[in-house]
Amino acid sequence: MFAHADLAVLLPTDGLSALLAALMRAGYRCIGPAVESGAIVLRELDGPDALPRGLQAAQAPGEYRLTTDPAKRYFAWANGPQALKPLNFAPQETLWQVGRDAAGALRFEAVVPVAPKLAVIGARACDLAALALQDAHFLRPERIDAHYAARRAGMFLVAVQCAVPASTCFCASTGDGPTPTTGFDIALAELPDGFVATAGSEAGRAVLASLNLVPASAQQIDAARAQGEAAAAAQTRRLPGRNLHDALMSRLEHPRWDEVAARCLACGNCTAVCPTCFCHAELDQPALDGASSRHERVWDSCFGESHGHLHGFNVRPDIRTRYRQWLTHKLAGWHEQFGRSGCTGCGRCIAWCPVGIDLTEEVAALTAGDAA
Ligand code: SF4
Ligand code: SF4
């Protein structure tokens, strides 16, 4: 984020309204953090006053609780249950529909969303890394997903450096945070005297230029860099390496899989909140009159019984094999598919697991004895 220090400008703390106004003038719908049901979620913003200020999010295995930020910062919370995933990969949507024409012949019709230009305020580094992984899956050249592509094309990302990581965060150990380095249009680091802002794209450069901001001082740039380093140093969880493929695949019969299976409810919360999970099911929804039908895609989870069901048998008949599938796909199989782990260290699967299963703890137990 601060590689081109000469391009960093200072957005005053009260300049967020001008930034939102500039984005709205440029035709973007603005989505940003809002408090709902005791958690920070992404919702449409009609102005900066809608942004929560002075909040932190205390997180621990199976716990998420909003607390107060004495410094009254806008972005002192680490993350909420939602990442960027639902904005592009909809939890439920119609892919195509079929009906009959006047002559009674079947007519199939693709249903591609008309997606507005969307500016997201407050994207975190772990979620930008997850978005790059979702792009690698849904936008692979040999099979571009039209629904994902339609939404993703109009997305403008205002990223924010995490200054206050949650206890569940471990993005420093996966190499994905806490300071955004790529994948954003504008990145902000919140300091007491304003936001150090850098552009990561031509679109971001144009928006910042329209605000007539002064360059950030060398001290402000150093403070932003130091803030990111301190946030990384404050993280207490970690994975023992960035490529655990061999370590995990050589332990498929480890007794720890039975231990975690005895605790796991197979609820699928971890896969729903994970910003990189992309498994889905496809369902047909016939109309009651039988004249038409919609073909829908819905998020699915490898923890569900039906996910492993093949003709005549189930490849993952118990929770042990489902948890093992999730962890080994995420941390091992993704290296073969995408050249890196599928975990960006956001910690959501830890906080939102109702029984507090901690992926970092499971990996540590499975790989105990290996050199770090
Ligand atoms: S596996 Fe867990 S920590 Fe890693 S990206 Fe998914 S939700 Fe976040
Ligand atoms: S690990 Fe936790 S969140 Fe995931 S399926 Fe099991 S109980 Fe649910």
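Anything mentioned here points back to the structure above.
Residues numbered from 1 in each chain as written. Chains lettered and ligands numbered in written order. Predicted model: local features only at pLDDT ≥ 70, side-chain atom pairs only at ≥ 80, totals over all residues. Heavy atoms only, no water.

Enquirer: Quick one: what's the story with the site of ligand 2, residue by residue and with numbers?
Expert: The immediate surroundings of ligand 2 are formed by 13 residues, with Cys264, Leu265, Cys267, Cys270 and Cys353 found nearest. Judged by the fraction of its atoms near the pocket grid, ligand 2 is located in the largest cavity. Split into classes, the residues belonging to the shell around ligand 2 amount to 11 nonpolar, 2 polar and no charged. (Near = heavy atom within 4 Å. 1 Å grid on protein atoms, 1.4 Å probe; cavity = no way out; pocket = protein on both sides within 12 Å on 5 of 7 lines; lining within 4 Å. Sits in = over half its atoms within 2 Å of the grid points. Nonpolar A, V, L, I, M, F, W, Y, C, P; charged D, E, K, R; others polar.)

Enquirer: Run through empty space enclosed by the protein, naming residues and quoting values.
Expert: Applying the stated criterion to the full structure yields 6 cavities of 30 Å³ or more. Of the pockets and cavities examined, the largest cavity occupies roughly 140 Å³. In terms of lining residues, the largest cavity is bounded by 15 residues, among which Cys264, Cys270, Tyr323, Cys353 and Ile357 are the most central. Counting residues per element, the ones that place at least two in the lining of the largest cavity are α10 (269-273) and α11 (319-338). Looking at side-chain class alone, the lining of the largest cavity contains 13 nonpolar, 2 polar and no charged residues. When its volume is computed, the second largest cavity comes out at roughly 110 Å³. Elements with a minimum of two residues in the lining of the second largest cavity: β3 (39-44) and β8 (118-123). (Points joined across faces, edges and corners; volume = space filled by probe spheres on them. Helix = DSSP H or I, 4+ residues; strand = E, 2+ residues; numbered from the N terminus.)

Enquirer: Break down unusual backbone geometry for me, with residues and values.
Expert: For the peptide bond that leads from Gly177 to Pro178, omega is 5 degrees, which places it in the cis range. Within the secondary structure, Pro178 sits in the loop between α5 (171-174) and β10 (186-191). Not every positive phi belongs to a glycine, and Ser37 is a case in point at roughly 50 degrees. Tracing the chain through its elements places Ser37 in the loop between β2 (29-36) and β3. Judged by its relative accessible area of 79%, Ser37 falls in the exposed class. (Buried < 20%, exposed > 50% of the residue type's maximum accessible area, 1.4 Å probe, protein only.)

Enquirer: Describe in detail the site of ligand 1, supporting the description with residues and values.
Expert: The local shell around ligand 1 consists of Phe170, Cys274, Pro275, Trp326, Lys330, Cys343, Thr344, Gly345, Cys346, Gly347, Cys349 and Leu359. Class assignment of the residues belonging to the shell around ligand 1 gives a composition of 8 nonpolar, 3 polar and 1 charged.

Enquirer: Account for the packing of helix α9 (residues 256-263) against α11, naming residues and giving values.
Expert: Closest axis-to-axis distance for the α9/α11 pair is 8 Å, and the angle between their directions is 110 degrees. Taken together, the axes of α9 and α11 are roughly perpendicular relative to one another. In contact with Trp257, Asp258, Val260 and Ala261 of α9, α11 contributes Ile319, Arg320, Tyr323, Arg324, Leu327 and Thr328. Residues of the contact of α9 with α11, tallied by class, amount to 6 nonpolar, 1 polar and 3 charged. (Axes fitted to C-alpha atoms, helices over the stretch in contact; angles between N-to-C directions. Parallel < 35°, antiparallel > 145°, perpendicular 65-115°, else oblique. Contact = heavy atoms within 4.5 Å.)

Enquirer: Any details on the sheet that holds strand β6 (residues 92-100)? Residues and values, ideally.
Expert: Reading across the sheet, the 4 strands line up as β7-β6-β14-β13 and stay open at both edges, with antiparallel pairing between neighbours. Each edge of the open sheet is held by one strand with a lone partner, namely β7 (106-110) and β13 (280-286). On average, adjacent strands in this sheet sit at an angle of 20 degrees to one another, irrespective of strand direction. Judged from the 5 bridges that link them, β6 and β7 form a sheet pairing that is antiparallel. Within the sheet, the bridge partner assigned to Arg100 lies in β7 and is Leu106. (Pairing = 2+ DSSP bridges.)

Enquirer: How would you explain the pairing of β3 if you had to name every residue and give the values?
Expert: Direction of pairing for β2 relative to β3: antiparallel, over a ladder of 6 bridges. Counterpart to Ala34 in the pairing with β3 is Val41. Connecting the antiparallel pair β2 and β3 is a turn made up of 2 residues, with Ser37 showing a positive phi of about 50 degrees.

Enquirer: An account of the sheet that holds strand β9 (residues 155-160) is requested, with residue identities and associated values reported.
Expert: One key point about sheets: their strands pair by backbone hydrogen bonds, in either a parallel or an antiparallel sense. Strand order in the open sheet made by the 8 strands is β3-β2-β8-β9-β10-β11-β1-β12, with mixed pairing throughout. Because the sheet does not close on itself, it has two edges, and the strands there are β3 and β12 (214-215). As defined by bridge partners, strand β1 (residues 9-11) adjoins β12 across 2 bridges and the pair is classed as antiparallel. Note that in β12 the partner of Leu10 across the bridge is Val214. On the sheet, helix α7 (residues 218-234) packs against β1, β10 and β11 (194-199) and is oriented at approximately 90 degrees with respect to β10.

Enquirer: Give me the pattern of salt bridges: which residues, what numbers.
Expert: Throughout the structure, instances matching the rule amount to 22 salt bridges. Across the pair Arg324 and Glu253 runs a salt bridge, and its minimum N-O distance is 3.6 Å. Taken as a pair, Arg324 in helix α11 and Glu253 in the loop between α8 (245-249) and α9 lie far apart in primary sequence, 71 residues in all. On the basis of relative accessibility, which here comes to 17%, the residue Arg324 falls in the buried class. Classification of Glu253 by relative accessible area gives exposed; the value is 62%. Across the salt bridge formed by Asp258 and Arg320, the nearest N and O atoms sit 3.5 Å from each other. (Salt bridge = Lys/Arg side-chain N within 4 Å of Asp/Glu carboxyl O.)

Enquirer: An account of the side chain of Gln134 is requested, with residue identities and associated values reported.
Expert: With respect to the helices and strands, Gln134 occurs in helix α3 (residues 125-138). Setting aside residues no more than four positions away along its own chain, Gln134 makes contact with Lys85, Phe89, Leu139, Tyr148, Pro275, Thr276, Cys277 and Phe278.

Enquirer: Can you tell me about the packing of α9 against helix α13 (residues 359-366), naming the residues and giving the values?
Expert: In contact at an axis separation of 10 Å, α9 and α13 are set at 155 degrees when each is read in the N-to-C sense. With respect to α13, the element α9 is oriented roughly antiparallel. The hand of the α9/α13 crossing is right-handed. Across from Arg256, Trp257, Val260 and Arg263 in α9, the residues of α13 making contact are Glu361, Glu362, Ala365 and Leu366. Considered class by class, the residues forming the contact of α9 with α13 number 4 nonpolar, no polar and 4 charged. (Left-handed = near helix turned anticlockwise from the far one by under 90°.)

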